[in-house]
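For reference, the chains in residue letters:
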Amino acid sequence: MPIYSEKVMDHFMNPRNVGEIENPDGIGEEGNPVCGDMMTFYIKVKDNRLEDVKFKTFGCGAAIAVSSMVSEMAKGKTLEEAKKITPRLVADELEGLPKNKFHCSNLGAQALNKAIDDYLKKQQKEGGKQS
Amino acid sequence: MREVYLDNAATTPLLPEVREAMIPYLGDVFGNPSSLHDWGDGSREAMETARDQVAQLIGADSDEIIFTGSGTESNNFAVKGLALAQQSKGKHVVVSAIEHFSVLHSAKTLGKWGFEVDEVPVDKYGVVDPEEVRKRLRKDTVLVSIMHANGEVGTIEPIKEIAGITSKLKVPFHTDAVAKAGTIPVDVRELGVDALSLAGNQFYGPKGVGALWLRKGVRIMPLLDGGIQEGGRRAGTENVPAIVGLGKAAELAKTDMESRVKRLTPLRDRLLKELPRKVGHVVVTGHPQNRLPGHASFCVEFIEGEAMLMLLNSKGIAVSSGSACTSRALKASHVLIAMGLPHELAQGSILLTLGIGNTPEDVDYVLEVMPPIVDRLRQMSPLYAKFTKTVKGGK
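Along each chain, residue indices are assigned from 1 in the same order as the chain's sequence is written. Whichever chain is written first is A, and whichever ligand is written first is 1; the rest continue in order. A pLDDT threshold of at least 70 governs which residues receive local features in this predicted model, and a stricter bar of 80 or more applies before side-chain atom pairs are shown or counted, although totals over entire chains, interfaces and linings include all residues. Side-chain numbers come from the whole structure's heavy atoms, not from hydrogens or water.

### Re the overall build of chain A
Each helix is a run of DSSP H or I of at least 4 residues and each strand a run of E of at least 2, with the numbering of both proceeding from the N terminus. A count of helical and extended segments in chain A gives 5 helices and 3 strands. Helices and strands appear in chain A in the N-to-C order α-β-β-β-α-α-α-α. Taken along the three principal axes of its C-alpha coordinates, chain A extends 55 × 30 × 25 Å. Think of it in three bands: with a 1.4 Å probe and only protein chains considered, a residue is buried below 20% of the maximum accessible area for its type, exposed above 50%, and partly exposed in between. Within chain A, the fraction of its 131 residues that count as buried is 50%. In chain A, of all internal contacts separated by at least 6 residues, the share reaching a separation of at least 24 is 61%. Residue burial considers only the protein chains on display, and all accessible areas are found by Shrake-Rupley using a 1.4 Å probe. In the form shown here, chain A has an accessible surface area of approximately 6300 Å², with 50% of it arising from carbon and sulfur atoms. The positive count covers Lys and Arg only, the negative count covers Asp and Glu only, and His and the chain ends enter neither. The atom standing in for a charge is NZ when the residue is Lys, CZ when it is Arg, CG when it is Asp and CD when it is Glu. In chain A, the 19 positive side-chain charges and the 20 negative ones have mean positions that sit 2 Å from each other. The contact rule is simple, with two residues in contact once any of their heavy atoms fall within 4.5 Å.

### What to know about the environment of A:Ile116
All names here are of chain A. Its place among the elements puts Ile 116 in helix H5 (residues 108-130). When the C-alpha positions of Ile 116 and Lys 44 are compared, they lie 9.5 Å apart, and in sequence the two are 72 residues distant. Those residues within four positions of Ile 116 in sequence are excluded, and the remaining contacts are Ile 43, Leu 50, Leu 79, Ala 82 and Lys 83.

### Description of the sheet that holds strand E4 (residues 116-120) of chain B
Residue and element names in this part refer to chain B. Pairing is mixed across the open sheet formed by 7 strands, whose spatial order is E2-E8-E7-E6-E5-E3-E4. With one partner strand each, in any of the chains shown, strand E2 (65-68) and E4 form the two edges of the open sheet. Averaged over all pairs of adjacent strands, the angle between strand axes in this sheet comes to 20 degrees, irrespective of strand direction. Only when DSSP finds a minimum of two bridges between them are two strands counted as paired. Both strand E5 (residues 141-145) and strand E6 (residues 173-176) contribute to a ladder of 2 bridges, which runs parallel. Each residue of the ladder has a partner; that of Val 144, found in E6, is Phe 173. Geometry is summarised by axes, namely lines fitted to C-alpha atoms with helices restricted to the contacting stretch, and by angles between N-to-C directions that run from 0 to 180 degrees.

### Focus: the side chain of A:Thr57
As for its placement among the helices and strands, A:Thr57 is situated in strand E3 (residues 49-58). Using a relative accessible area of 2% as the deciding quantity, one classes A:Thr57 as buried. Apart from the residues lying within four places of it in its own chain, the contact partners of A:Thr57 are A:Met38, A:Met39, A:Ala63, A:Ile64, A:Ser67, B:Met380, B:Ser381 and B:Pro382.

### Structural notes on the interface of chain B and chain A
Accessible area lost upon the coming together of the parts is a frequently used measure of interface size. Counting residues at the interface gives 28 residues for chain B and 29 residues for chain A. Carbon and sulfur atoms supply 66% of the area that chain B and chain A bury against each other, a total of about 2200 Å² over both sides. Just to be clear on terms, a salt bridge is a Lys or Arg side-chain nitrogen sitting within 4 Å of an Asp or Glu carboxyl oxygen. Put simply, chain B and chain A have 3 salt bridges between them. Put simply, A:Glu29 and B:Lys386 hold a salt bridge, and the shortest N to O gap is 3.2 Å. The definition of a polar contact used here is a pair of N or O atoms within 3.5 Å, where within protein one atom must be able to donate a hydrogen and the other to accept one, and adjacent residues in sequence count solely through side-chain atom pairs. Inspection of the chain B/chain A interface yields 9 residue pairs in polar contact (both at pLDDT 80 or more). Throughout, the ten residues Ala, Val, Leu, Ile, Met, Phe, Trp, Tyr, Cys and Pro are labelled nonpolar, Asp, Glu, Lys and Arg are labelled charged, and all others, Gly among them, are labelled polar. Tallied by class, the residues present in the side of chain B that touches chain A amount to 14 nonpolar, 7 polar and 7 charged. Two parts placed together each lose some accessible area under a 1.4 Å probe, and the buried area is that loss summed for both.

### Quick word on helix H8 (residues 240-279) of chain B
Residue and element names in this part refer to chain B. An ideal rise of 1.5 Å per residue puts 58 Å on 40 residues; H8 reaches only 47 Å between its terminal C-alpha atoms. Along H8, the sharpest change in direction is near 65 degrees and occurs at Asp 256. The positive-phi residue at the C-terminal boundary of H8 is Gly 280, with phi of around 80 degrees. What a helix should span is 1.5 Å times the count of its residues minus one. Bend, at a single residue, is the angle you get between axes fitted to the 7 residues ending at that residue and the 7 residues starting at it.

### Section: the packing of helix H9 (residues 305-314) of chain B against helix H12 (residues 360-380) of chain B
Residue and element names in this part refer to chain B. At a minimum axis distance of 10 Å, the contact between H9 and H12 shows a crossing angle of 135 degrees. Classified by the angle between their axes, H9 and H12 sit oblique to one another. Between H9 and H12 lies a crossing whose hand is right-handed. Counted together, Ala 307, Met 308, Leu 311 and Leu 312 of H9 and Val 369, Met 370, Ile 373, Val 374, Arg 376 and Leu 377 of H12 form the full contact between these two elements. Class assignment for the residues of the contact of H9 with H12 results in 9 nonpolar, no polar and 1 charged. Angles below 35 degrees are treated as roughly parallel, those above 145 as roughly antiparallel, those between 65 and 115 as roughly perpendicular, and all remaining angles as oblique. Each crossing is labelled by how the near helix is turned from the far one, with a counterclockwise turn of less than a right angle marking it left-handed and a clockwise turn marking it right-handed.

Any functional reading would require information beyond the geometric quantities listed.
This is how it looks when you write it as structure tokens:
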């Protein structure tokens, strides 16, 4: 299918890190099924690093490839580094996305970001309780 | 790898007999059918034979057939041309909500030109209620355009009943029969319509050629001005090889129609019955019985159509989908939405359209390949995860 790059096809056919994490440190959801794509990211954090990243995605080939790529890019990074992953960077790593898919299917970075924010919020709360 | 083409609604393959019939007109017989010399005669005669063949397919007279460049052109011509020719009588047009875009967007253009367009809704099977058409007819209605069969969900519309209403009120009635003509019997006199569109690549003819049948005496405004080809109604040198191919395909469709229908219907019915059973959480779209013989369409819950299409393609199976992600415009199928399907279900749209080349083994193969593909995507889907949790939680 020539509308997608080889890299997109590879991540679509063999997606990395599919699944859920039991008792995750953060969850982030982006998109909605009405417009076609929805992604949920789960993260496990250790010493300020993303020890594990998993996702579940409802959507087209591009959406699945984006999720897979984001999970791969984020794993092992510090939270600050992971927050710097942008849709543009994801698309570049995938050797491009079709123009009309760039906005609607490229939600992985936002979903990951939300998962990190979710983790940070929980940390703050817990921190608040302790003090 | 096995190759199974199940996208005959997009286009059918060209039959070898049709290709053979076309070849002379891509070679030695090249004259312009409008020329008065022998070279012109050769092309003109072939074109007129094709006109007879197309006319016979739909029970029409040859001089009522206008060749066009596609089904889309036929629909544009009918909708715009008929409305414009009648505009001194009024500027009101009625179409159904599930028309092909070549009708819907033509109607939209009429809207920009000062016409008022009414859309008739459909029921959950995609059927137009003739009463709903009657309710919308007014003194200034100058055109009704309702499709004969829907290419996305396969549903066949009650055209004869609608024509009974429009003819009494003398409102011109066009039907887009692109998905149906050449597939199941169409007789324009019996139907009682005034104009009908068809296209070659829907019944094993070439792409880039269609026809509009226009009842004698019905006025139409040409879209293309120029020479007096096609009785002055469609200017431009005719695409002779394609027209010859359309004619041959029409002839074969008429001869073989019954055997084709008999061959395709059981294959379709097996898909309609077995696929939902094997995959689970699958909805058949369109009318369960009153549908095109090779047409099986579904919505698969919790997953998206394009991803399914691509995984099936990787297994050598060609299908299509009406999901938003599959369309360039990224909008879910207007047909499925008009039938009242929720957007997230419409995203799981998948369309399997059989052709005369398909075998029972092809159906076996699809039924074998499809469940693991759906399962794989569901394992990835947050919607499926939520669904299974709710079910378990409920128990």
